[in-house]
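# A closer look at the structure
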Amino acid sequence: MRAVVTWTDHAPQHGGVKSVCYDIAFRPDGSQLIAAVGSRVLMYDAANGDLLHSLQGHKDSVYCVAYSRDGKRFASGGADKTIIIWTHKAEGILKYSHSNSVQCLAYNPVTQQLASGTATDFGIWSPEQKSVSKHKAHSKVLCAAWTADGQHLALGMYSGHISICNKSGTQQLTIERSAPVWTLQWNTTQHKTSDALAVGCWDGTLSIYDLAGKQVGNDKELGFDPCCVTYHDAMYLCVGGSDKKVLLYSRDGVKLISMCETGDWIWTVRSRPKHDYVVVGCNDGSISMLQLIFSTVHGLYQEHYAFREAMTDVVIQNLIEDEKVRIRCRDYIKKIAVYQERVAVQLSNSIVVYEKSREGCGSKSQYRACARIDRLLECNLLVLTADHVTLCQETKLQLLTLSGCKEREWLLESTIKYIKVCGGPRGGEGLLIGMKNGLIVKVWINSNYPSKLYKHTSGIRCLDISSSRNCLAIVDECANVLVYNLQTKEVNFEDKLASSVAWNTQMESMLCYSGSGMLNIKTANFPVHRQKLQGYVVGFQGSKVFCLHHLSMQTIEVPLSTSMWHYIESSDYVSAYQVACLGVTEADWHTLALSSLQGQAWDVARKGFIRVQNVCYLDLLNWLQQGHGSHFNKSTLTALVLAYEGKFKEAASTYVEEGQVEKAMEMYSDLRMFEEAKALARTTSGRDINETSSDREANVQEIIQRQAEWTEKTNDPKTAADMYLIASQPEKALALLAEHGPVSKLIEVARRLKKTKVEELTLCATLMRRGGQYAHALETYTKLGDFRSILSLHVELHQWEEAFSLKMLHPELEDNVTLQYAQWLIHQDRFDHARIAFTHAGRPDLSEHLLKQLIQNAVKERRFKDAAKLCQTWALEILEEVAEASRNNLPQEEEKRRYKEYCEHKENADLYYAYSFIDQSISEPFRTTMPEILFNIARFLLPRCTKQTPQGISLVNILVTLAEHSRDLGCYKVARHAYGRLQCLQVPDSWVDKLEVATLAVRAKAGGGCEEAAHMSIDIPMCYSCSSPLPLVSQSSDGTCSVCLQPFFRSFLTFDHIPLLEFTMDEGITHEQAMELITSHHSSKNPTTHSKRVNELSNHGSSDHRAGVNILGLRNFLGQKLLCSSSSSEPGLPRVNQDMLTNFIPWQVLVLICPAQYEKPRYFHVVDPTLALCRCSSCHHFFEQEEWDLVTLEQPSCPFCGTPVSASGESTAIHTPKSLSSNHPKREHDISVAG
């Protein structure tokens, strides 16, 4: 490394002020520099040193200058206590002052802040501030520097203290030194992970600190007072001061070299940004620009390359594996030499030899010092061998052992220009030496006498010897390259414009040389192959060229295809294979293998095909080597290779030219290229003048027949079928298509077949039907007259109208179309129509099975109202069957069994309908049913679900609903009963805590009796027959009074009791007589008298018609005439005689007639004449008229069974109070008959 002065300038005195250059600053782009010289600020062109401006803004000496980060302004300050802000065009824009002279300036590298230091304070100014922020300093501030991120400011003081502040000026920490800190500078590492502060003190030391104030390493003794330190390229540190020299240090503080020496103190040294230049300002006013020239210090042995980095480190790089190992020498490195696994490094006062070592298997390579020569040795070139170090100084060679002892010395006749180790045994290596006078000698280090090899006409610049030591490659100082054969003593090759040369270490006859931006590869006696390449070739190994470009070594993969092709063209397949092994593309390998195959170089061809993994050609090669290729001439072998390459036309032409037409036809047949085979047959047959057209056609037919048979054997039925059709053999084509398809070909076959081919046509239709060609299948079935298949096809395509029409035309067909139609309706979710279709098909069992499945699905999906409607539908259907059985006088046992099923489904319908309200109240977030209704529903369900619970109904939900609403309504006894029963059941885990708390809460309520009755918000129900109070929770599942066994009835909207009393006829009274007595006797009575009598009954007692008056009125009215004895044929039901029947009011009597022949009619009496009741004519459930009207306004249908109501919006009215009409004529529906 050396420094060259590019320009210098000496500023004259101005205004009587001595011209001293105190400070220099560069513009951030490196194009300009400003210098504080005397009382002026000088602006120079950094490239050529031209003075651009001499600024006169200060009245006294200028001590410091600084450039802003954007390069738009700079600042200057000095002894006149002022700071001037200038633009980059040398225009002053701002001035402010301190109370003392300004000693230093520093611009923040990130922001626009400017720090200035004086003897008593320091200030921070920015364009955004109107005033300068000043801070007191306890000592004179001599220097200042910002960190790279602009967050910290370091101040060096005369007292020896270093103050590190944040960007606002607040002190963060202090470093103490024993002498004034005259200069300091921050450096950012390459990875910008930490900052290092270089400090120069006037105790003659240089020290380095980190951002935390911790010193890195020890103080470096300089031997002089440093006046300036500056980092160059973040790698080096330039130091100048009282010794009038500029010294170069590493960033770690290792002294490297002295760059220059001046005639006076050096006050400032600055590095030019983005360039390898530094500028020096001296006490005598001189300004000098120095160019730093870093020379390349490196060494190469085969693929091991070592080079110097940062002047103190050695990097060893494996150019093949791209592995790098760094050796930190911590000293100035002068020379490097590499040999095998060792590296010799010449330092400032010693030579150290490092050896490669591995700590463990697979660990990273490391180099450890194995020898050291602690002597100052001067040399131009350094060479390392296994046990020796060779020093080359001009014409002298010295051989030293690794311990430093001199073993041998050679004095040559001319200056040594190039030296290289050329192999040899350990301790007897040879040195290849090229000298300035053109002499080339070889020196064995264990011999005293050099061996002359060749004498060239001009000086040697570069040389190399081939791997067999038979040829020399030389580049002289005239840029000529030549190859000299040491065996024949002849020059084999010469060329010009070369700068370096290298033999291929893996191939004797190949070398490369570079020059004029080109890389030249010379192989044997073939022409030179050239390509563009920048740099110098220093090694050639296989297909990799080692090229030194500027300061970096590159490994370049060069193609050797040209050299391989030259050998192939000369039929030297073995040499071509050697070149290919060095490195060519897969396509080149394939070409080499094919060429070797055509040239019958079997071994090379085999290796080539193995390399490209071409099994097909390897099979061909094995076949040829087994003796099949003995009769092949070169043309036939060429045709075979062309065929394997896919060049079939060329191969066929070659076969025809050789007279082997059969092989061409065989080739086309094997490749299924039958059209080409036919064309070839016509072409070659036409050459015989005696051959007729029929003979040529027979040849074509033979090819077609062969094509069909071959395609059939190779599992290509489609092509084979085509061939058979062309050959007029549809039967064979159908046989193939029936087994393999495709279906589309069947259409053509079916149309060609005659009507008598029933089996073939049936197979065609079946295959077309299977392949989705339904129209063509129908066409084929019609051709055959197969109506049964046509019918099944209509069914398969769901064409029901066509299917039913065909069934009507041909009733002899036994297919049950209706049953299949029902199955299709099920898949279409048309269940009602499907059940009708099942019935028409004579399969009511399937209809019932479908209905049962629908009920199960509705229950699983928690659609309980749908399940109730389905159960009701099933019950009504069974009832119709019972009525039909009664009319047809079928056996009563079957009728009873079906009637029992009717009762079960009727009961399930009621339970599912009621439970739907409970399920909705629990599962849905919003409740739409009143609490009283839910309470009544739970009371209705509980006794009926205790013994046997229908599928899907949860007893837990019923009890929880009953408990909650009975508690809310004040029925605490019922609530306790429900909570008690829940203790014996399994409830969801999320309900356990809530139920336990509710159980404890309800136990704390009133104990029962009058106290509990006072809290109840509902009326206690009473029997309309015996006036006994009914329990809120009945244990009877049939809903009868426990005293008189009279059943009680509920409205199926509120589930509250309605005033109906069931009675039976006395023995001897038939149904017809009873109906006649009720209607005829009443018509003869005076309606006015009867109305008066009813009013008397209504006014007899309490105003509560349901609880007292109606019941008592009825019992007083009937008196002794109403018999309630246990001897009655229906226990618990009153028996009515003829006299009592004549006193009944017809519109207060309801008669239900069952279609079962063994069931008697049921008679009901409306107890409360003022309450309007209605009954659904379909499900026969009772409702209060007001509730019914309210529900049917929202949806005009029965809420239970969904039967639409009449146009007037009412169901069948079974009782209308007389008070609602002025007169009461006889109506037909006053006595309602069900059935």
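Preceding this section is the structure that the text describes.
Just so it is clear, the model here is predicted, and its values are computed rather than measured.

When helices and strands are counted, the chain shows 32 helices and 65 strands. Out of the 1235 residues in the chain, the part that is buried amounts to 51%. For the chain, long-range pairs separated by at least 24 residues make up 44% of all intrachain contacts whose partners lie at least 6 apart in sequence.

With that out of the way, let us pick up unusual backbone geometry. One non-glycine residue, Ala 310, adopts positive backbone phi at about 60°. Overall, Ala 310 belongs to the buried group, its relative accessible area being 15%. Positioned with a positive phi, Arg 469 is a non-glycine residue whose angle comes to about 65°. The residue Arg 469 is located in the loop between β45 (460-465) and β46 (471-476) in this model.

On to the packing of helix α19 (residues 831-840) against helix α20 (residues 844-860). Two elements in contact, α19 and α20, have axes whose closest approach is 7 Å; the angle formed by their N-to-C orientations is 155°. Judged on the interaxial angle alone, α20 and α19 are roughly antiparallel. When you trace α19 past α20, the crossing you get is left-handed. Contact residues: Phe 831, Ala 834, Arg 835, Phe 838 and Thr 839 in α19; Pro 844, Leu 846, Ser 847, Leu 850, Leu 851 and Leu 854 in α20. Among the residues making up the contact of α19 with α20, the classes are represented as eight nonpolar, two polar and one charged.

All right, on to the packing of aromatic side chains then. Under the criterion given, the structure shown has 39 aromatic pairs. On the numbers, 6.1 Å between centres and 45° between planes, the contact of Phe 493 with Tyr 513 is tilted. On the criterion of sequence distance, the pair formed by Phe 493 in strand β48 (residues 490-495) and Tyr 513 in strand β50 (residues 510-515) is long-range, its members being 20 residues apart. Classification of Phe 493 by relative accessible area gives buried; the value is 12%. Residue Tyr 513 is classed as buried on the basis of its relative accessible area of 0%. Geometrically, the ring pair formed by Phe 1183 and Trp 1188 is tilted, given 5.0 Å between the ring centres and 50° between the ring planes. Phe 1183 sits in the buried class, given a relative accessible area of 0%. Put simply, the rings of Tyr 22, Tyr 63, Trp 182, Trp 202, Trp 265 and Trp 267 pair up and form one aromatic cluster.

Under the defined criterion, the tally for this structure stands at 27 salt bridges. The partner of Glu 341 in a salt bridge is Lys 356, with the nearest N and O atoms 4.0 Å apart. Placement of the pair is Glu 341 in the loop between β33 (335-339) and β34 (342-346) and Lys 356 in strand β35 (residues 351-357), with a sequence separation of 15 residues. Salt-bridge contacts for Arg 843 lead to Asp 845; the nearest nitrogen and oxygen are separated by 3.1 Å. For Arg 843, a relative accessible area of 30% puts it in the partly exposed group.

Attention shifts here to the sheet that holds strand β49 (residues 500-503). The pairing of strands in a sheet happens through backbone hydrogen bonds and is either parallel or antiparallel. Strand order in the open sheet made by the four strands is β49-β50-β51-β52, with antiparallel pairing throughout. Each having just a single partner strand, β49 and β52 (529-532) make up the two edges of the open sheet. Taking each pair of neighbouring strands and ignoring which way they run, the sheet shows an average axis angle of 20°. Bridge count for strand β51 (residues 518-523) against β52 is four bridges, and the pairing is antiparallel. Note on β52: the bridge partner recorded for Ile 521 is His 529.

Moving on, we get to the pairing of strand β31 (residues 313-318). Most of β31 is tucked away, with six of its six residues classed as buried. Alternating positions in β31 separate into two faces, Asp 313, Val 315 and Gln 317 on one and Val 314, Ile 316 and Asn 318 on the other, with burial throughout. Pairing of strand β30 (residues 304-309) with β31, which is carried by six bridges, proceeds in the antiparallel orientation. When the bridges of β31 are listed, His 304 appears paired with Asn 318. Where β30 folds back on β31, the antiparallel hairpin that results is connected by three residues, among which Ala 310 adopts a positive phi of roughly 60°.

The element strand β28 (residues 286-293) is largely enclosed, with a buried count of six among its eight residues. Inspection of the sheet shows strand β1 (residues 2-10) paired to β28 by eight bridges, in the antiparallel sense. Bridge pairing in β28 links Thr 8 to Ser 288. Here five bridges tie strand β27 (residues 277-282) to β28, and the two strands are oriented antiparallel to one another. Paired with Val 280 across the strands is Ser 288, a residue of β28.

Moving on, we get to the sheet that holds strand β5 (residues 51-55). Read from one edge to the other, the open sheet built from four strands follows the order β2-β3-β4-β5, with strand pairing classed as antiparallel. Sheet topology places β2 (21-26) and β5 at the edges, where each strand pairs with a single neighbour. Pairs of neighbouring strands in the sheet enclose a mean axial angle of 20°, with direction left out of account. For strand β4 (residues 40-45) and β5, the ladder comprises four bridges, and the chain directions are antiparallel. Within the sheet, the bridge partner assigned to Val 41 lies in β5 and is Leu 55.

Scoring rules and cut-offs
- Residues numbered from 1 in each chain as written.
- Predicted model: local features only at pLDDT ≥ 70, side-chain atom pairs only at ≥ 80, totals over all residues.
- Heavy atoms only, no water.
- Helix = DSSP H or I, 4+ residues; strand = E, 2+ residues; numbered from the N terminus.
- Buried < 20%, exposed > 50% of the residue type's maximum accessible area, 1.4 Å probe, protein only.
- Contact = heavy atoms within 4.5 Å.
- Axes fitted to C-alpha atoms, helices over the stretch in contact; angles between N-to-C directions.
- Parallel < 35°, antiparallel > 145°, perpendicular 65-115°, else oblique.
- Left-handed = near helix turned anticlockwise from the far one by under 90°.
- Nonpolar A, V, L, I, M, F, W, Y, C, P; charged D, E, K, R; others polar.
- Phe/Tyr/Trp six-rings, centres within 6.5 Å; stacked < 30°, edge-to-face > 60°.
- Salt bridge = Lys/Arg side-chain N within 4 Å of Asp/Glu carboxyl O.
- Pairing = 2+ DSSP bridges.

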